[in-house]
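Remarks on the overall topology
Each chain, letter by letter, is given below.
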Amino acid sequence: MSTTTDVLSATQVGQFREQGFLVLPNFATPESCLELRARAMKLAEDNVPSPAEATIFTADSEARHAADRYFLESGDKIRCFFEKDAFDSKGVLKADAHLSLNKLGHAMHDLDPVFGEFSRTPKLAAVARQVGLADPKLLQSMYIFKQARIGGEVNCHTDHTFLWTEPQTVIGFWFAIDDATTENGCMWALPGGHRIPVKSRSRLNDDRSATVTDVFDPTPYPTDGLVPLEAPRGTLVVLHGTLPHLSGPNTSDKPRHAYTIHAIDGTAKYPADNWLQRPHLAMRGFN
Ligand code: FE2
């Protein structure tokens, strides 16, 4: 299908360049969001490790290596990652395993038909093109549960730190699957902050068993000027790869589900020491 029809106005493209993000309400229909939501719950039930296996995610040393491997090998799979507050002091899950998840990752867009359909639309392809991706490649998908009460915060970061390309190209496409508010942990972003030189890069260590961080600038990102991106269901937030952003904890009694796709440009170099590798799955675009 053609992706030549513009979806963004010139003003919106200008806003993205100036501010480093764009909030597009009503981008996805409520029906498609609810379909994705139901599918994510099913994938969680089907793929969640047993409670016994789940304890590896809280233990240390040897078990830590197993947990690292589980994460580092998830680039071309559908895997389940727990909330750290889902476990009691003995390392036992406090609730049903599939309701204790932080997220699913990182290849639902390629491995699951419902996620595939949501992730590849002419409308999204047009937005990606208009914000500067010449040869978009869908690198990863994450379904974030941000569970009621235990949904943890995400510290201020840039996506380029974790999904490095040379030159920088990664762009985040974040969908509100539930209404996101300041009470249930919506995203916050620093308008114009994408012009701050990136402060660190996360990469694999020499034996590829864990990640290490190269710090270029140890000073924290400024917090003055952060704005909340409250977003009703169906809203798409487009995030520049060097835009500082974070999300708060979910202190409410309702989950705050969201879905993100990170795309890079196929014309850029993708380093072999990025944590995310897809040895068994070639990247595809939005079509
Ligand atoms: Fe992020």
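Here we summarise the structure given alongside this text. Remember, predicted model here, so these are calculated numbers, not experimental data.

1. Quick word on helix α7 (residues 122-130)
Within α7 the residues assigned to the buried category are Leu124, Ala125, Ala126, Val127, Ala128 and Gln130. Of the residues flanking the end of α7, it is Gly132, one or two places downstream, whose phi is positive at about 115 degrees.

2. Quick notes on the layout of surface pockets
In this approach a probe as big as a water molecule rolls over the atoms, and the regions it shows empty are the leftover space. Considering only enclosed or pocket space, the largest pocket measures out at about 1,400 Å³ in volume. Phe71, Asn102, Lys103, Met142 and Val154 are, among the 44 residues lining the largest pocket, the residues nearest its centre. The dominant element in the lining of the largest pocket, judged by the number of residues it contributes, is helix α4 (residues 61-72), at five residues. Partitioned by chemical class, the residues of the lining of the largest pocket number 21 nonpolar, 14 polar and nine charged. The space that makes up the second largest pocket amounts to roughly 240 Å³. Taken together, Phe27, Ala28, Thr29, Ser32, Glu35, Leu36, Val114, Glu117, Phe118, Thr121, Lys123 and Phe175 make up the lining of the second largest pocket. Those elements that place two or more of their residues in the lining of the second largest pocket are α2 (30-47) and α6 (113-119).

3. Considering the environment of Ala126
Within the secondary structure, Ala126 is located in helix α7. Exposure remark for Ala126: the relative accessible area of 1% places this residue in the buried category. Separated by 119 residues in sequence, Ala126 and Val7 have C-alpha atoms that sit 6.1 Å apart.

4. Some details on the environment of Gly132
Looking at the secondary structure, you find Gly132 in the loop between α7 and β4 (136-144). Among the residues examined, Gly132 registers a relative accessible area of 53% and is labelled exposed.

5. Topic: unusual backbone geometry
Here the amide bond leading from Gly105 into His106 is cis, since omega sits at 0 degrees, within 30 degrees of zero. Assignment of secondary structure puts His106 in strand β3 (residues 101-106). Geometrically, the link from Glu166 to Pro167 is a cis peptide bond, its omega value of -5 degrees lying close to zero. Relative to the helices and strands, Pro167 is located in the loop between α8 (159-162) and β6 (171-176). Phi is positive for Arg149, close to 65 degrees, though the residue is something other than glycine. Checked against the element boundaries, Arg149 lands in the loop between β4 and β5 (154-157). Using a relative accessible area of 59% as the deciding quantity, one classes Arg149 as exposed. Positive phi, close to 60 degrees, is recorded for Arg208, a residue that is not glycine. By the element assignment, Arg208 lies in the loop between β8 (200-204) and β9 (211-215). Classification of Arg208 as partly exposed rests on a relative accessible area of 43%.

6. Topic: the sheet that holds strand β2 (residues 78-82)
Pairing in this open sheet of seven strands is antiparallel, and the strands run β1-β11-β6-β13-β4-β3-β2 from one edge to the other. Edge positions in the sheet fall to β1 (21-24) and β2, since each of these pairs with one other strand and no more. The mean angle between the axes of side-by-side strands here comes to 20 degrees, regardless of whether they run parallel or antiparallel. Against the sheet, α7 contacts β6, β11 (236-240) and β13 (258-265), and its axis sits at roughly 140 degrees relative to β6.

7. Some points on the packing of aromatic side chains
Evaluated as defined, the whole model comprises 13 aromatic pairs. With a centroid separation of 4.9 Å and 75 degrees between ring planes, the pair formed by Phe118 and Phe175 is classed as edge-to-face. Of this pair, Phe118 sits in helix α6 while Phe175 sits in strand β6, and the two are 57 residues apart along the sequence. Across the pair, exposure class does not vary: Phe118 and Phe175 are buried alike. With a centroid separation of 5.4 Å and 75 degrees between ring planes, the pair formed by Phe173 and Phe286 is classed as edge-to-face. In this pair, Phe173 is assigned in strand β6 and Phe286 in the segment after β13, connecting sequence segments 113 residues apart.

Criteria and thresholds
Residues numbered from 1 in each chain as written. Predicted model: local features only at pLDDT ≥ 70, side-chain atom pairs only at ≥ 80, totals over all residues. Heavy atoms only, no water. Buried < 20%, exposed > 50% of the residue type's maximum accessible area, 1.4 Å probe, protein only. Helix = DSSP H or I, 4+ residues; strand = E, 2+ residues; numbered from the N terminus. 1 Å grid on protein atoms, 1.4 Å probe; cavity = no way out; pocket = protein on both sides within 12 Å on 5 of 7 lines; lining within 4 Å. Points joined across faces, edges and corners; volume = space filled by probe spheres on them. Nonpolar A, V, L, I, M, F, W, Y, C, P; charged D, E, K, R; others polar. Pairing = 2+ DSSP bridges. Axes fitted to C-alpha atoms, helices over the stretch in contact; angles between N-to-C directions. Contact = heavy atoms within 4.5 Å. Phe/Tyr/Trp six-rings, centres within 6.5 Å; stacked < 30°, edge-to-face > 60°.

That is the geometry; function is a separate question.
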